Amino acid sequence: MPAVILQKGGIGGLGMNITRRGAIGAGLASLVPGVAGAAQPQAGVQAPGFFRSKVGAFEITSISDGAAYRPLDGFIKNTPVDEVRKVLGEAFMAQDQVTIPFTSLVVNTGKKLVLLDSGNGDLGAPTTGSWMANFRAAGFDPANVDAVIISHFHGDHINGTRLKDGRAVFPNAEVLVSAPEWDFWMDDGKMAQAPEGMKGAFQNVRRVFGPMAKDVTRYDWGKEIVPGISAVAAPGHTPGHTVFAIQSGAAKFLMMSDLTNNTALFVRRPDWQAIVDMDGEQARQTRHRMLDVAASEKMQVAFYHAPFPATGHIARDGAGSYQLVPAMWQMPG
Ligand SMILES: [Zn+2]
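Residues numbered from 1 in each chain as written. Predicted model: local features only at pLDDT ≥ 70, side-chain atom pairs only at ≥ 80, totals over all residues.

**Some remarks on the environment of histidine 288**
Applicable threshold: What counts as a helix is a DSSP run of H or I of at least four residues, what counts as a strand is a run of E of at least two, and both are numbered from the N terminus.
Tracing the sequence through the fold places histidine 288 in helix α11 (residues 280-297). When the C-alpha atoms of histidine 288 and glycine 320 are compared, they prove to be 7.7 Å apart, with 32 residues separating the residues in sequence.

What follows is the structure, given as structure tokens:
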């Protein structure tokens, strides 16, 4: 059946054939899952979300925690909403909301199993929460994680380390956090001064880190945190927001964390400022600096909030604009 349709003018002819020739339309229907006659019902769930990249001797696994959705109105502070809608449309994304996917990284250096951020745990939107199932599907056991390195203290990055009931998820892991991030969020004075809408975030930081505060290791920008993974200053989204340079031999990889909250918007329009960036102007400058480095050095990058598997390369796309070119499937090993 498809061969007949292709002879009649390829994909363009497909719609015509369906509307004008009922017999062919009915035949095609049997090829569409879920239409009456399919032997198996539609699955209704996403496939396991993990993806491997090889960086020198390191194996990096991207782990999906699903996605959440935010209202479009007011999300970008310095751009008319119609312009934002247009750029979302150009990326074939829903134009009435902002889609925010979540993807953290597991880096197996061969000596240590290191987690970069931990997902939403059991406190995220109903469309999230698949992180642990995907982590296990990728062959990992939480008891084997040696280090959890946190980029910043927003709930979608830290809640996976401690569940609602208070249980620590990675019982044998050292938890390492950005020193300036810790200093900001653990400061009771800053919490007292914070607007009402931010108080919950301060309380959540205390919920996650309070029980282990004396054991948490604070890392400094510009230093190697564990062998092969270094902390790079990227403030703006939060005061201590950090991106990670991963290096094995000559191979380099950059984990961009929340340098953007939606790559279709902020990689293409780095000047746009998101309401979730605590210092919008500083975030804008940091974003330009890091995207420029990634494009110049042509290294593979990952983002915490990008279409899965949320990794690829940054290409220049006109003055001050960039695009994320998705990574090609690759065989690790
Ligand atoms: Zn985030």
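**Notes on the sheet that holds strand β3 (residues 97-108)**
The strands making up a sheet associate through backbone hydrogen bonding, with each pair oriented either parallel or antiparallel. Applicable threshold: Should DSSP find at least two bridges between two strands, the strands are taken to pair. Note on definitions: angles span 0 to 180 degrees between N-to-C directions of axes, and those axes are lines fitted to C-alpha atoms, for helices only across the stretch in contact.
Ordered by their spatial adjacency, 7 strands build an open sheet running β1-β2-β3-β4-β5-β6-β7, and the pairing between neighbours is mixed. The strands lining the two open edges of the sheet, one partner per strand, are β1 (50-55) and β7 (217-219). Here the average twist between neighbouring strands, direction ignored, is 25°. Here 4 bridges tie β3 to strand β4 (residues 113-116), and the two strands are oriented antiparallel to one another. Bridge pairing in β4 places valine 106 opposite leucine 115.

**Regarding the sheet that holds strand β14 (residues 322-326)**
Our working definition: In this description, a residue-residue contact is defined by the distance between C-beta atoms placed from the backbone, which must lie within 7 Å.
With respect to topology, 7 strands assemble into an open sheet ordered β8-β9-β10-β11-β12-β13-β14, the strand pairing being mixed. Only two strands of the sheet have a single neighbouring strand rather than two, namely β8 (224-226) and β14. On average, each strand axis in the sheet is tilted by 35° relative to the strand beside it, whichever way the strands run. Pairing of strand β12 (residues 300-302) with strand β13 (residues 311-316) involves 2 bridges; the strand directions are antiparallel. Following the sheet pairing, valine 301 is matched in β13 by glycine 312. Along the sheet face, α11 touches β10 (242-248), β11 (251-255), β12, β13 and β14 and points at about 95° away from the line of β13.

**Here we look at the confidence of the model for the chain**
Test applied: As a per-residue quantity, pLDDT reports the predictor's confidence and falls between 0 and 100.
On average, residues of the chain score 91 in pLDDT, and 89% of them reach the 70 mark or higher. Scored below 50 in pLDDT, residues 1-26 shows 13 contacts in the model against residues more than four places distant or in partner chains.

**Regarding unusual backbone geometry**
Note that the residue after phenylalanine 308, namely proline 309, is joined by a cis bond; omega there is 10°. Relative to the assigned elements, proline 309 resides in the loop between β12 and β13. The backbone of phenylalanine 92 shows a phi angle near 60°, a positive value even though the residue is not glycine. Along the chain, the position of phenylalanine 92 falls in the loop between α4 (81-90) and β3.

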